[in-house]
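# What the coordinates show
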Amino acid sequence: MVLKSVKVGVISRFKVKEVKKPPYVVDKTRLRRFAEKNIIFSRVNWDSSWEGYGRMYNEKTFTLAESGKKGYSRVDFALAYASWVVHDSFAGGFSWSKIQPFRKPKASIEIDWQKSKHLVDEPAEMSAIIKRAATFFGASLVGICRLNRDWLYAEVNLPEKFENAIVIAVEMDPAAIATSPAATASAATGLGYSKMVFILACMGEFIRNLGYDAIQCGNDTALSIPLAIDAGLGELGRNGLLITPQYGPRVRLCKIFTDLPLKPDKPIEFGVRKVCRKCKLCAEHCEAGAISFDDEPSFEAACPSNNPGALKWYVNSERCYLFWCKNGTDCSTCIKVCPYSIISSQKAKVSPEEFWKSRNSC
């Protein structure tokens, strides 16, 4: 794979600035709260109008594991499936209330921290504490915003007291992502989600121990990317993903809604739309043909799993999913080739063999 190094050189000189309003444009006459049933993984189960209906993205996984194809061996898939185990097994990661342990500590009394609230005189100071706690538990980036309820899924109703959103980004392993679309890249995705669950659970309990409520969310409940933009973590890229200054799109996102008094962060800009307008590397390398080559973003959706009304380059998630079915696992190539990812990881392409031989992929 040959990447256009000039594009990496151009963005290596970007500057981040805080702005008053989030760097996106919406047409409020068209934008509606998106129905969670229309995300691509839900439509697989009920929407018979498209080719992916009833198809599972891992339907060819076992065949590929026996094929001898590099990056798709039994060992590679074993790593990928193991990486998801915490995310898929620990329901407490997405709790809306106090998490009940399966066993209680010995030689200790039970303390109900939720009987009283910790007094918060300075929301800005509490925001700093929240960020330190999140990074302590493993978050790579943390931002805070007022909850814009336009980003909640249409099926969700949250009490009005939940005014704030804590948005967390978890960096994914750069060497593993650089092997995409191989199964080793899928392991980086799964590990990101499993780390996310641990952080969510710890942060949710931290907030509840202060006497406040916390709703822990992964991809459920609300759209993560616009919330992350509101919270000052980055901008939206051509590939439909959050682009952060620190890691590019090489992150997984989660969030916590809370009534804890906090001071919100300001959104940021660092020229992503200008770069994406000219770059197009993600579109060029997308084997699914799911990413737009258009010079200018649009308000028009590419498929029913998009929410029209926001000015952006819409990704055809139907095509993306169908490639997953062919690939036997998910794909992160648009993350791998993004110049913002490459300048942070210094890894444009890594073979599965190189991944396994490296002692420290970071």
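Just so we're clear, the structure is a prediction, and the values are computed from it rather than from any experiment. (Residues numbered from 1 in each chain as written. Predicted model: local features only at pLDDT ≥ 70, side-chain atom pairs only at ≥ 80, totals over all residues. Heavy atoms only, no water.)

Every regular strand shows the same layout, with side chains that alternate between the two sheet faces. Most of strand β7 (residues 251-258) is tucked away, with eight of its eight residues classed as buried. Pairing geometry for strand β3 (residues 164-171) and β7, over eight bridges, is antiparallel. Each residue of the ladder has a partner; that of Glu171, found in β7, is Val251. (Buried < 20%, exposed > 50% of the residue type's maximum accessible area, 1.4 Å probe, protein only. Helix = DSSP H or I, 4+ residues; strand = E, 2+ residues; numbered from the N terminus. Pairing = 2+ DSSP bridges.)

Let us look at the sheet that holds strand β2 (residues 141-146). Reading across from one edge, β2-β3-β7-β4 is the order of the four strands in this open sheet, with antiparallel pairing throughout. The sheet terminates laterally at β2 and β4 (214-217), the two strands that pair on one side only. Each strand of the sheet is rotated relative to its neighbour by a mean of 20 degrees, with strand direction disregarded. The strands touched by helix α6 (residues 123-137) are β2 and β3; relative to β2, the strand with the most contacts, the crossing angle is about 145 degrees. (Axes fitted to C-alpha atoms, helices over the stretch in contact; angles between N-to-C directions. Contact = heavy atoms within 4.5 Å.)

Take the pattern of salt bridges next. Inspection of the entire model under this criterion finds 15 salt bridges. For Glu353, the salt bridge identified is with Lys70, shortest N-O distance 3.7 Å. Here the residue Glu353 occupies a position in helix α15 (residues 352-357), and Lys70 occupies one in the loop between α3 (61-65) and α4 (74-83), the gap between them amounting to 283 residues. Classification of Glu353 as partly exposed rests on a relative accessible area of 31%. The exposed category is assigned to Lys70, whose relative accessible area is 63%. A salt bridge links Asp295 to Lys280, with the nearest nitrogen and oxygen atoms 2.5 Å apart. Taken as a pair, Asp295 in the loop between α11 (281-285) and α12 (317-327) and Lys280 in the loop between α10 (272-279) and α11 lie far apart in primary sequence, 15 residues in all. Take Asp295: its relative accessible area is 46%, and that puts it in the partly exposed class. Through salt bridges with shared partners, one network takes in Arg43, Asp47 and Glu318. (Salt bridge = Lys/Arg side-chain N within 4 Å of Asp/Glu carboxyl O.)

Further remarks concern a nonpolar patch on the surface. On the surface, a nonpolar cluster with roughly 220 Å² of combined accessible area is contributed by Val85, Val86 and Phe90. Within the secondary structure, Val86 is located in helix α5 (residues 85-89). Its relative accessible area of 36% is what places Val86 among the partly exposed residues. (Patch = residues over 30% accessible without salt bridge, like charges linked within 9 Å, V, L, I, M, F, W, Y side chains within 5 Å. Areas by Shrake-Rupley, 256 points an atom, 1.4 Å probe, with all protein chains shown as cover.)

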